[in-house]
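# Reading the structure
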Amino acid sequence: MSAVAARIRPDQNPQAVTDHPAQATITMSAVNKWYGKMHVLRDIDLRVNKGEHLVLCGPSGSGKSTLIRCINALEEIQSGTIEVNGNVLGRKGAKVDHIRRDVGMVFQQFNLFPHLTVLQNCMLAPRRIHRATEAEARDKAMHFLEQVHIAEHGHKYPAQLSGGQQQRVAIARALCMGPQVMLFDEPTSALDPEMVKEVLDTMIGLADQGITMICVTHEMGFARAVAHRVIFMDRGEIIESAPPSEFFGAPKHERTRAFLGQILNH
Amino acid sequence: MIRTFGLPEIQFILEGAKWTILMSLAAFIFGGALGLLVALARTSAIRPLRVAAACYIQIFQGTPLLVQLFAVYFGLPLLGVNVELWLAVVTGLALHASGFLGEIWRGSIEAVPRGQTEAARALGLGYFARIRDVVLPQALRISLPATVGFMVNLVKGTAVAALLGLTEMTRSAQLMSNITFEPLKVYASVGLFYFIICLPLTLCSARLEKRLNAQG
Ligand SMILES: Nc1ncnc2c1ncn2[C@@H]1O[C@H](COP(=O)(O)OP(=O)(O)O)[C@@H](O)[C@H]1O
Ligand SMILES: [Mg+2]
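Residues numbered from 1 in each chain as written. Chains lettered and ligands numbered in written order. Predicted model: local features only at pLDDT ≥ 70, side-chain atom pairs only at ≥ 80, totals over all residues. Heavy atoms only, no water.

Basically, it comes down to this: UniProt positions are given in the numbering used here, feature names are shortened, and annotations may be inferred rather than shown by experiment.
Under an unreviewed UniProt entry, the name given to chain B is ABC transporter permease subunit, and the source organism is Paracoccus aestuariivivens. Quoted verbatim from the Sequence similarities (unreviewed entry) heading of the UniProt record, the comment on chain B is "Belongs to the binding-protein-dependent transport system permease family. HisMQ subfamily."

Under an unreviewed UniProt entry, the name given to chain A is ATP-binding cassette domain-containing protein, and the source organism is Paracoccus aestuariivivens. Note on chain A: under the UniProt heading Sequence similarities (unreviewed entry), the record states "Belongs to the ABC transporter superfamily."

This is how it looks when you write it as structure tokens:
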């Protein structure tokens, strides 16, 4: 990803963002999750500040997807607490749907609704949840479709688009709900190589607007360019968490080094 | 006196056809509505609902339609509900249809990829919106061939109402055959009428399927 890697952000100063504990958007404390007997998240402690961009990496099966899916309650946790924008998840009566409205998610497989056009995909949630009028929802959808440079395909069905285009629609669809946090679960892993850049560029544009982002990805160029912190997970644990320069330049843990060795010299 | 198989006899059979069509329609509408609830219960996150729906489906799939109709016809009066024959038959057919459609639609709902509901949940859509706007439209498309197949069977299945004494199309044909001694002509006509009743179903579904497939 030369275009991404070449991007330089002189103003980037991770400390400036992470030093304000009052601004925490997401707080996970001692979170544990099991699938049957399998312990997939082990005592996860994680704070994500407002406007922070986090990249999450680690071997396949290490629990990255599970971790971010817990944040919008797609998965239940067995112990610990997760707080999102002041709402505590997992308690009885937690307003799960409210939390989900603040948190947008983009999936590896896009998951666009195949029976709806691009525009309808983007309008559905605002129409149903914000009770937006047809015109309001359409304006908003067009706004975000323009932002991801796909407005001219608004009338098409997802199957008529390329993977990269579908993923950009998925990003626009999530943005239409006005989320404060965006979660990305390997958004470029299912794409043909020539489409990876258009999606990463869209995500970089989003990062520049200051939205809080947690992104599971192995695109290390992207991590260097936009992440304030890179987190390495292995076997359900957070092993290392550091700003990209430190993470890539001087990883502390043997497992991190082994992992970076694998993905950087494949 | 032996009558020939002429216009009045055909009219008599068409009178019976009216019953066949009305019973089929009513059974499909009420059975469909109930079947949707059964399918939703069967795929619900609430275990007792799932179990109850599974038993319900099992009962209606595991017993013959005729037995179900008799059970309703003779069972309702035992419960203190006296109904006319046609109402008992329609109730029986609707219950029967709800069990089968419930099972067909359960399968289609489960065939909608998991990622679809997940994406809908991630957007904050509640259960009702997820079902109505995301799951059911896709399940409908998947279920279309099986649903139409069942509807065609339901139309033909209304013939068992003759055994309870309701003069629908097959029973009318029997009567006409008895007085004309021309069973071949009579039953050939009736076969044609059933075919004509079922034809629009098949044609409509083919068109609908084509339209849905245009979405890619
Ligand atoms: N629904 C599930 N049921 C049982 N095990 C699961 C389920 N989802 C994930 N797992 C297991 O949990 C572990 C973590 O999975 P996941 O979070 O998807 O890892 P990653 O995204 O890092 O590849 C894996 O061992 C995986 O097999
Ligand atoms: Mg994963």
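Following the structure, the description resumes.
## Some details on the sheet that holds strand E8 (residues 212–216) of chain A
Residues and elements named next belong to chain A. Threshold: Two strands are said to pair when DSSP picks up at least two bridges between them. Helix and strand labels come from DSSP, where a helix needs a run of H or I of at least four residues and a strand needs a run of E of at least two; each type is numbered from the N terminus. With axes taken as lines fitted to C-alpha atoms, and helix axes fitted only over the stretch in contact, angles between N-to-C directions fall between 0 and 180 degrees.
Taken in spatial order, the 6 strands line up as E6-E7-E8-E3-E9-E10 in an open sheet, and their pairing is mixed. Each edge of the open sheet carries a strand with a single partner, namely strand E6 (103–106) and strand E10 (237–242). Geometrically, the sheet is characterised by an average inter-axis angle of 20° between neighbouring strands, direction not taken into account. As judged from the 5 bridges shared by strand E9 (residues 229–234) and E10, these two strands associate in the antiparallel manner.

## Overview of the packing of aromatic side chains
Residues and elements named next belong to chain A. Stated formally: Here the aromatic set is Phe, Tyr and Trp, taking the six-membered ring for Trp, and pairing holds for ring centres within 6.5 Å; pairs whose planes are under 30 degrees apart are stacked, those over 60 apart are edge-to-face, and all others are tilted. Throughout this description, buried means an accessible area under 20% of the type-specific maximum (1.4 Å probe, protein chains only), exposed means over 50%, and partly exposed covers the range between.
Using the criterion set out here, one finds 7 aromatic pairs over all chains in the structure. Taken together, a centroid distance of 5.0 Å and an interplanar angle of 40° make the contact between phenylalanine 232 and phenylalanine 259 tilted. Pair noted here: phenylalanine 232 is in strand E9 and phenylalanine 259 is in helix H11 (residues 254–264), with a separation of 27 residues, a long-range link. Owing to a relative accessible area of 1%, phenylalanine 232 belongs among the buried residues under this scheme. On the accessibility criterion, phenylalanine 259 (6% relative accessible area) is buried.

## So, the interface of chain A and chain B
Selection criterion: Residue contacts are counted whenever heavy atoms from the two residues lie within 4.5 Å of one another. The quantity reported as buried area is the accessible area (1.4 Å probe) lost by two parts once they are put together, taken as the sum for both. Salt bridges are defined by distance alone: a side-chain nitrogen of Lys or Arg within 4 Å of a carboxyl oxygen of Asp or Glu. Distance and chemistry together define a polar contact, namely a pair of N or O atoms within 3.5 Å, with one atom able to donate a hydrogen and the other to accept it when in protein, and with adjacent residues in sequence counting only for side-chain atoms on both sides. For this classification, Asp, Glu, Lys and Arg are treated as charged, while Ala, Val, Leu, Ile, Met, Phe, Trp, Tyr, Cys and Pro are nonpolar and the rest, including Gly, are polar.
In this complex, chain A contributes 24 residues to the contact, which on the side of chain B involves 20 residues. When the two sides are added together, the surface that chain A and chain B hide from each other amounts to roughly 1900 Å², 57% of it contributed by carbon and sulfur. Seen at the junction of chain A and chain B, the total is 2 salt bridges. Ionic pairing is found between Arg128(A) and Asp133(B), a salt bridge with its closest N-O pair at 2.5 Å. Summed over the shared surface of chain A and chain B, the number is 6 residue pairs in polar contact (both at pLDDT 80 or more). Secondary-structure elements contributing two or more residues to the side of chain A that touches chain B are helix H4 (96–102), E6, helix H5 (118–129) and helix H7 (163–175) of chain A. It is H5(A) that provides the largest number of residues to the side of chain A that touches chain B, a total of 4 residues. Class assignment for the residues of the side of chain A that touches chain B results in 15 nonpolar, 3 polar and 6 charged.

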